[in-house]
Amino acid sequence: MKIAVTYENGQIFQHFGHTEQFKIYTVENGTIVSSEVIGAGGSGHGALAGLLSEQNVTVLICGGIGGGAQMALASAGIQLFGGVSGSCDEAVGALLANKLNFNPGVRCDHHEHEHGEGGHSCGEHGCGSHNCGNHDCGK
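Residues numbered from 1 in each chain as written. Predicted model: local features only at pLDDT ≥ 70, side-chain atom pairs only at ≥ 80, totals over all residues. Heavy atoms only, no water.

Asker: Just to check I follow, could you spell out the overall build of the protein for this structure?
Answerer: A count of helices and strands for the protein gives three helices and eight strands. Overall, the protein shows an N-to-C arrangement of helices and strands of β-β-β-β-α-β-α-β-α-β-β. Per-residue burial over the protein gives 40% buried out of 139 residues. Looking at the protein alone, contacts between residues at least 24 apart form 46% of all its contacts between residues at least 6 apart. (Helix = DSSP H or I, 4+ residues; strand = E, 2+ residues; numbered from the N terminus. Buried < 20%, exposed > 50% of the residue type's maximum accessible area, 1.4 Å probe, protein only. Contact = heavy atoms within 4.5 Å.)

Asker: Just to check I follow, could you spell out the nonpolar core for this structure?
Answerer: Ranked by size, the top nonpolar core spans 18 residues in total, and within it Ala4, Phe16, Phe22, Leu52, Leu60, Ile65 and Leu73 carry the most contacts. Of all the secondary structure elements, the ones that give two or more residues to this core are strand 3 (21-28), helix 1 (45-54) and helix 2 (67-75). Sort the elements by how many residues they give to this core and helix 1 lands first, with four residues. In terms of nonpolar packing, the next biggest core, distinct from the first, is built from 16 residues, Ile3, Tyr7, Ile12 and Ala91 among them. (Core = buried A, V, L, I, M, F, W, Y, C linked by side-chain atoms within 4.5 Å.)

Asker: Explanation requested: the confidence of the model for the protein in the structure shown.
Answerer: Atom-level detail of predicted coordinates should not be read off regions where pLDDT is low. Here the protein averages 80 in pLDDT, and 73% of its residues register 70 or above. A low-confidence stretch, residues 110-139 (pLDDT under 50), is modelled with 55 contacts involving residues beyond four sequence positions or located in other chains. (pLDDT = per-residue confidence, 0-100.)

Asker: It is not clear to me how helix 2 should be interpreted in this structure. Could you clarify?
Answerer: Along an α-helix, residues three or four apart share an orientation, since each turn contains 3.6 residues. For helix 2, the complete set of buried residues consists of Gly67, Ala69 and Leu73. Looking down the long axis of helix 2, one finds its buried residues gathered within 160 degrees of arc, a one-sided arrangement. Along helix 2, the residues that are exposed and aim more than 90 degrees away from the buried face are Met71 and Ser75. In the stretch just after helix 2, glycine 77 is the one whose phi turns positive, near 75 degrees. (Arc of directions from axis to C-beta.)

Asker: Honestly, the environment of glutamate 8 in this entry has me stumped. Any pointers?
Answerer: Along the chain, glutamate 8 falls in strand 1 (residues 2-8). Classification of glutamate 8 as partly exposed rests on a relative accessible area of 43%. Along the sequence, glutamate 8 and cysteine 88 sit 80 residues apart, while their C-alpha atoms lie 9.0 Å from each other.

Asker: Could you clarify how one ought to interpret unusual backbone geometry in this entry?
Answerer: Most peptide bonds adopt trans geometry, and most residues besides glycine take a negative phi value. Non-glycine residue asparagine 9 carries a positive phi angle of around 50 degrees. Along the chain, the position of asparagine 9 falls in the loop between strand 1 and strand 2 (11-12). Positive phi is not limited to glycine here, since asparagine 56 has a value of about 65 degrees. Mapping asparagine 56 onto the fold places it in the loop between helix 1 and strand 5 (59-61). What makes asparagine 56 exposed here is its relative accessible area of 54%.

Asker: Would you mind going over the pairing of strand 4 (residues 31-39) with me for this structure?
Answerer: The side chains of a regular strand alternate between the sheet's two faces. Pairing of strand 3 with strand 4, which is carried by eight bridges, proceeds in the antiparallel orientation. Its bridge partner lying in strand 4, glutamine 21 is registered against glycine 39. With antiparallel pairing between neighbouring strands as the criterion, strand 3 and strand 4 make up a hairpin whose turn holds two residues, including asparagine 29 at a positive phi of roughly 50 degrees. (Pairing = 2+ DSSP bridges.)

See the structure below:
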């Protein structure tokens, strides 16, 4: 199994569509056997999903992620664990131990309308009632 994490300086990068790097972990029998950091190529969410698919990634851990990216990942057969922050290595360890704290309803869409100080919309959740990755939505 291969697990990808949006990556910046050892931490989970908080906007999938703007990530510049992924850390990809190869897991065998529930143990990490190798990891590497790869460049994302500076493309949008559709191309990022394609890149992960080409790397044979089956799981993605990330912070905020929009609906279009979620659909692209689902189409590529990649399982999503969004709304995660902190250390990449610790998040993968928690996932393997079935203890990862994630948000199955995460959706941060920066392409709809602007409001509040954040200058973006947080999808269907309504801003101010949750946290999208590591930034607060309109509070």
